[in-house]
Amino acid sequence: MSNQHRPTGQPTTNTATHDSAFLRACRREEVPHTPVWFMRQAGRSLPEYLKVREGVPMLESCTRPELITEITMQPVRRHKVDAAVYFSDIVVPLRAIGIDLDIKPGVGPVIADPVRTRADLDRLRPLTPDDVPYVTEAVGLLTAELGATPLIGFAGAPFTLASYLIEGGPSRTYERTKAMMYGEPDLWSDLVDRLAAITGAFLKVQIEAGASAVQLFDSWAGALAPDDYRRYVMPASSKVFAEAAPYGVPRIHFGVGTGELLGLMGEAGADVVGVDWRVPLDEAARRVGPGKALQGNLDPAVLFAPREAVEAKAAAALEAASGLEGHVFNLGHGVMPATDPDALTRLVEFVHERTAR
């Protein structure tokens, strides 16, 4: 059931998904079992994905509604996960507003003309639904096919998008990003404010088309000290979450290596805080504080170990989560490309059986 024609800002009324285990866990309610989905569940680990993507560039695949629908549905059919995640890329809204970029295989997003000066901000115009009509169409197709299974929309957070724009591509050190952040704080603030508006608009398009929840990926925020995150990043992320707030859908926040930032990431406005594998879930709950559900947090590399080892580590994560107000089982980062799909299917079965109420 799509909410494509719901007026802007109205709470979600998708009753088909409302009582799903995933949405109940996000709301910290009783669940029939711990829900499971995987970041990057739709993608390179699946042979059926490689087949349909053959010869289609990544960013083009993110603009074809039928292809988006097929790729998003593949892990739902195969693994019986409790939620689908919309197939896209965090740079799609930047491309949609005219930023010259591409995703190079084995490298990642590459920006032709990096954003380094105040004049460069003029290229970051507001995003409108007309810029991404394929998103509205694809979400409508997906919600019709998914039925009672929720669809998670997603976007990249302002800091992570800014780091790509400033560095010109992936970075390990973020020296140009931090140089602007520390040396030109007014320019930095204006940049992440514009990105917050673009990101908020991109999430709203997905929600209004029928997404039942949204996840904000601040993939590289773990490069920051807590004080810097609070001062330079949190205000813009909070603006994104505020844009989604009127719709009443759960808002998830995730970053890699963010153990020192978990409390602040919850403070930014998330209902659910994603935790990577470096911090046990019971400790993460202490850092985040009450009133939030947690998501995570099996190390993706564990899936390359024998089944018994995978189940032992999954059981340990579930045990650490046993006292949480709400828990969505996930990996501590995305599914690795060489992962055996059958290992994921077995893991979903294990978590469902182990946690059946």
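Refer to the structure presented above.
Calculation notes
- In this convention, every chain numbers its residues from 1, walking through the sequence in written order.
- Side-chain atom pairs in this predicted model are given and counted only at pLDDT of 80 or more, local residue features only at pLDDT of at least 70, and totals for whole chains, interfaces and linings cover all residues.
- Note that the side-chain values use all heavy atoms of the structure and ignore hydrogens as well as water.
- Take the buried Ala, Val, Leu, Ile, Met, Phe, Trp, Tyr and Cys residues and link them wherever side-chain atoms come within 4.5 Å; each set so joined is a nonpolar core.
- Note on exposure labels: buried denotes an accessible area under 20% of the residue type's maximum, exposed denotes more than 50%, and partly exposed covers the range between, all computed with a 1.4 Å probe on protein chains only.
- Only heavy atoms enter the contact rule, under which two residues are in contact if any of them lie within 4.5 Å.
- We count a salt bridge whenever a side-chain nitrogen from Lys or Arg sits within 4 Å of a carboxyl oxygen from Asp or Glu.
- Numbering of helices and strands runs from the N terminus, with a helix taken as a DSSP run of H or I at least four residues long and a strand as a DSSP run of E at least two residues long.
- Both cavities and pockets are sets of points on a 1 Å grid over the protein atoms alone; in a cavity a 1.4 Å probe fits but cannot get out, in a pocket the set is open with protein on both sides within 12 Å along at least five of seven lines, and lining residues sit with an atom within 4 Å of a point.
- Grid points are joined across faces, edges and corners, and a volume is the space filled by probe spheres set on the points.
- Amino acids are sorted into nonpolar (Ala, Val, Leu, Ile, Met, Phe, Trp, Tyr, Cys and Pro), charged (Asp, Glu, Lys and Arg) and polar (every other residue, Gly among them).
- Counting rule applied: Lys, Arg positive; Asp, Glu negative; His and chain ends not counted.
- Residues adjacent in sequence count toward polar contacts only when both atoms are side-chain atoms; beyond that, a polar contact is any pair of N or O atoms within 3.5 Å, and within protein one must be able to donate a hydrogen and the other to accept it.
- Two strands make a pair as long as DSSP finds a minimum of two bridges between them.
- Note on geometry: axes are lines fitted to C-alpha atoms, helical ones only across the stretch in contact, with angles between N-to-C directions running from 0 to 180 degrees.
- Angle categories: roughly parallel below 35 degrees, roughly antiparallel above 145, roughly perpendicular from 65 to 115, and oblique for all the rest.

### A few points about the nonpolar core
Buried together is how nonpolar side chains tend to be arranged in soluble globular proteins.
So, step 1. One finds Phe22, Leu124, Trp188, Leu191, Tyr229 and Leu347 to be the most contacted residues of the largest nonpolar core, which totals 129 residues.
So, step 2. Those residues in contact with leucine 124, other than ones at most four positions away along the chain, are Leu94, Ile97, Ile99, Leu165, Leu191, Arg194, Leu195 and Ile198.

### Brief notes about the pattern of salt bridges
So, step 1. As enumerated under the stated definition, the model contains 20 salt bridges in all.
So, step 2. Arginine 278 is the partner of aspartate 276 in a salt bridge, and the nearest nitrogen-oxygen pair spans 2.5 Å.
So, step 3. On the accessibility criterion, aspartate 276 (2% relative accessible area) is buried.
So, step 4. What makes arginine 278 partly exposed here is its relative accessible area of 49%.
So, step 5. One network of salt bridges, in which partners are shared, links Asp19, Arg24, Arg27 and Glu29.

### Structural notes on unusual backbone geometry
So, step 1. The amide bond that connects glycine 296 to the next residue, asparagine 297, takes the cis arrangement and shows omega of -5°.
So, step 2. You can see asparagine 297 is positioned in strand 8 (residues 293–298).

### Observations regarding the layout of surface pockets
So, step 1. Within this model, the largest pocket holds a volume of roughly 1,200 Å³.
So, step 2. Lining the largest pocket are 39 residues; nearest its centre among them are Arg40, Arg44, Met58, Asp89 and Ile103.
So, step 3. For the lining of the largest pocket, a count of residues per class yields 25 nonpolar, eight polar and six charged.
So, step 4. Reported here for the second largest pocket is a volume of approximately 350 Å³.
So, step 5. What lines the second largest pocket is a set of 18 residues, among which Thr34, Ala321, Ser322, His327 and Arg357 lie closest to the centre.
So, step 6. Looking at the lining of the second largest pocket, the elements that each hand over two or more residues are helix 14 (307–320) and helix 15 (341–355).
So, step 7. In terms of residue count, helix 14 provides more of the lining of the second largest pocket than any other element does, three residues in total.
So, step 8. The residue inventory of the lining of the second largest pocket, partitioned by class, reads six nonpolar, five polar and seven charged.

### Comments concerning the side chain of glutamate 208
So, step 1. Mapped onto the elements, glutamate 208 comes out in helix 10 (residues 185–209).
So, step 2. Put simply, glutamate 208 is tucked away with no salt bridge, and the nearest opposite charge, on lysine 204, sits 5.6 Å away.
So, step 3. Engagement of the side chain of glutamate 208 in a polar contact is seen with the side chain of tyrosine 247, the distance being 2.4 Å.

### Some thoughts on the sheet that holds strand 8
So, step 1. Across the sheet, seven strands lie side by side as 1-4-5-6-7-8-9; this open sheet has parallel pairing. Since the sheet does not close on itself, it has two edges, and those belong to strand 1 (84–85) and strand 9 (327–331), each with one partner.
So, step 2. Inspection of the sheet shows strand 8 paired to strand 9 by five bridges, in the parallel sense. When the sheet's bridge partners are listed, glutamine 295 is paired in strand 9 with valine 328.
So, step 3. In the packing of helix 10 onto the sheet, contacts are made with strand 4 (151–156) and strand 5 (213–217), and the angle to strand 4 comes to roughly 165°.

### A short note on the packing of helix 9 (residues 175–183) against helix 10
So, step 1. Interhelical geometry of helix 9 versus helix 10 gives an angle of 115° and a closest axis separation of 5 Å. By the angle between their axes, helix 9 is roughly perpendicular relative to helix 10. Here Thr177, Met180, Met181, Tyr182 and Gly183 of helix 9 lie close against helix 10, whose contacting residues are Pro185, Leu187, Trp188 and Leu191.
So, step 2. For the contact of helix 9 with helix 10, the residue count by class is seven nonpolar, two polar and no charged.

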